[in-house]
Amino acid sequence: MHDTIDIAGHDTTIGFSRNTNNPAPTSSAIVRLLQDAGALVHAKTTVPTGLLGLETSSDLYGRTSNPYKETHTAGASTGGGAALVACGGSKIEIGSDVAGSVRIPAHFCGIWSLKGSAGRFPSWGNQSSMDGLEGIQLVTSPMAGSLEDLDEFWKRVVMAQPWDYDHTCHPIPWRNVDLREEGRKLKWGIMLEGGAVPITPACKRALSMVAAALRKQGHEVVEFTPPDLDRGLIIAYQLLFSDGGEQIRSLLSTNENLSKASSSVLDLLSLPKSFKQFLAYLTRKSDPSSAALLRIMHTKTVTELRTLTAQRDAYRAEWHESWREKGLDFVVTVPHPFPAFRHGESEKVNLMTAGLTTIFSLLDYTTGVLPVTFVDKELDRLPVDFKAPSPLGSLAYSAYDVDDMHGLPLGVQIVGRRLEEERVLEGMKIVEGALREQGSVFAGRVGVEAAEPATQ
């Protein structure tokens, strides 16, 4: 269990030192449901301080490493749980996801996950560093060591009628979906756009493997250009940080540390608005991505927040119409433009690189992650003429070292629309089946020296 989930008699720290020695009096809805079903809850797993960041590290518990390479991160915020599942230390991890906090660690650690839409999986009684956040809802999401386990776990939780444990759960019974039995060919939209930070060759290769495998099975695979991704992310970041970072800041103890990447976000939010506007004006041509952030990252008034919510809803309508017009069944993209990177590099590969998970949280779309292959130092080098499209991209790409990343897992996101959990799980099975027919079967290699081609 992610250290945001209340278990009676145990601390729920959210990575903050001030939350120690304060055991929860009652268990959260998901814990009670699982224990009633006979599940064994055997560990709480590490999170970064305040859940903010791409690396799992805190003064309270130290740093969590990637199970494939201890020099690299496991991701965040569910990095501890992802590493434990990848090592075989747990069958299922329950984490939370508001902008990729389950999906990115699953990608970095080579495991499976499914983020449902808000209200489908029980979340009541879980703690957060952003209580009351409604513009982008934090959802509780499971991870597993296989797609079969993930599918079975989701099914059993929903069949246990979680709405009896959690009043925020939709009373939607489990709906059996078998797209394979229907025999019809599906339409898959491949999303190659990564915003200001392009998708690395390694992650793009995993995406290409999936596209090729689906085409070989006769499915229709098309490139999908979404409604303006940057505009959607500008809305998302403002909703996420509408309090100016005050909730997280207020929970920090004196001299308690955040990662440099997380601290830089809070520092940016703390700067006077007029000074940020001036900096944005100066950098509007040389670094438009950073200038856009400078203009928007400040505490919002109630009126501004309502305007942003209306903009979010209009943006969701654009996606709905685009999806409908193109007749898509699923969208496929990467969970993050990078494989797992070295500890401490999140100052370069910063929070703004998580756009390809954040956007689907904004949309409240159901999104699964499955591992495909591993970084290959021979296949995944940058072209000699590569040039990042922005200073933000250049900084991030300074952390892309294909020799150092060789052997690390690479995943993809399978995306459906709202409340399509059963359908997305079925889509993930179709992708795995297509890869299997091509001879690409992902086999976890934790503890195995990654010197040979890694897909087995």
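Relevant structure appears above.
What comes next is a walk through the structure. Numbering of residues begins from 1 in every chain and follows the order in which that chain's sequence is written. Per-residue local features of the predicted model are confined to residues with pLDDT of at least 70, and side-chain atom pairs are confined, for both listing and counting, to 80 or more; whole-chain, interface and lining totals are unaffected and use all residues. By convention in this description, side-chain values take in all heavy atoms of the structure and omit both hydrogens and water.

In this section: the pattern of salt bridges. Each reported salt bridge corresponds to a side-chain nitrogen of Lys or Arg within 4 Å of a carboxyl oxygen of Asp or Glu. Inspection of the entire model under this criterion finds 22 salt bridges. Here Asp-97 ties to Arg-103 by a salt bridge, and the two come within 2.8 Å at their closest N and O atoms. Like Arg-103, Asp-97 is buried. Glu-432 is the partner of Arg-436 in a salt bridge, and the nearest nitrogen-oxygen pair spans 3.9 Å. One end of the pair is Arg-436 and the other is Glu-432, both in helix 16 (residues 421–437) and four residues apart, which spans about a single turn. With a relative accessible area of 14%, Glu-432 lands in the buried category. We call a residue buried when its accessible area falls under 20% of the maximum for its residue type, exposed when it is over 50%, and partly exposed in between, using a 1.4 Å probe and counting protein chains only. To qualify as a helix, a DSSP run of H or I must reach at least 4 residues; to qualify as a strand, a run of E must reach at least 2; elements of each kind are numbered from the N terminus.

Turning next to unusual backbone geometry. In this model, Ala-76 is joined to Ser-77 through a cis peptide bond whose omega is 5°. Structurally, Ser-77 is set in the loop between strand 2 (62–63) and helix 2 (79–86). Of note, Gln-161 is a non-glycine position whose phi angle comes to about 55°, a positive value. Following the sequence through the fold, Gln-161 ends up in the loop between helix 4 (147–159) and helix 5 (179–182). A positive phi angle, near 70°, is found at Asn-255, a position not held by glycine. In this fold, Asn-255 is placed in the loop between helix 8 (246–251) and helix 9 (260–270). Residue classification places Asn-255 among the exposed positions, given a relative accessible area of 70%.

On to the sheet that holds strand 9 (residues 367–374). Here, strands pair whenever DSSP counts at least two bridges between them. As summarised here, the arrangement of the eight strands in space is 3-5-4-9-10-8-6-7, forming an open sheet in which the pairing is mixed. Of all strands in the sheet, those with a lone pairing partner are strand 3 (92–97) and strand 7 (220–223), marking the two edges. Pairwise comparison of adjacent strand axes, ignoring direction, gives a mean angle of 25° for this sheet. The pairing of strand 9 with strand 10 (residues 409–415) spans seven bridges and is antiparallel. Bridge pairing in strand 10 places Gly-368 opposite Ile-414. Along the sheet face, helix 4 touches strand 3, strand 4 (112–115) and strand 5 (139–144) and points at about 140° away from the line of strand 5. The criterion used for residue contact is that any of the two residues' heavy atoms lie within 4.5 Å. Only the stretch in contact is used when a helix axis is fitted, and all axes are lines through C-alpha atoms; the angle between N-to-C directions ranges over 0 to 180 degrees. Strands strand 3, strand 4, strand 8 (330–333), strand 9 and strand 10 of the sheet are contacted by helix 13 (residues 355–363), whose axis makes an angle of about 25° with strand 10.

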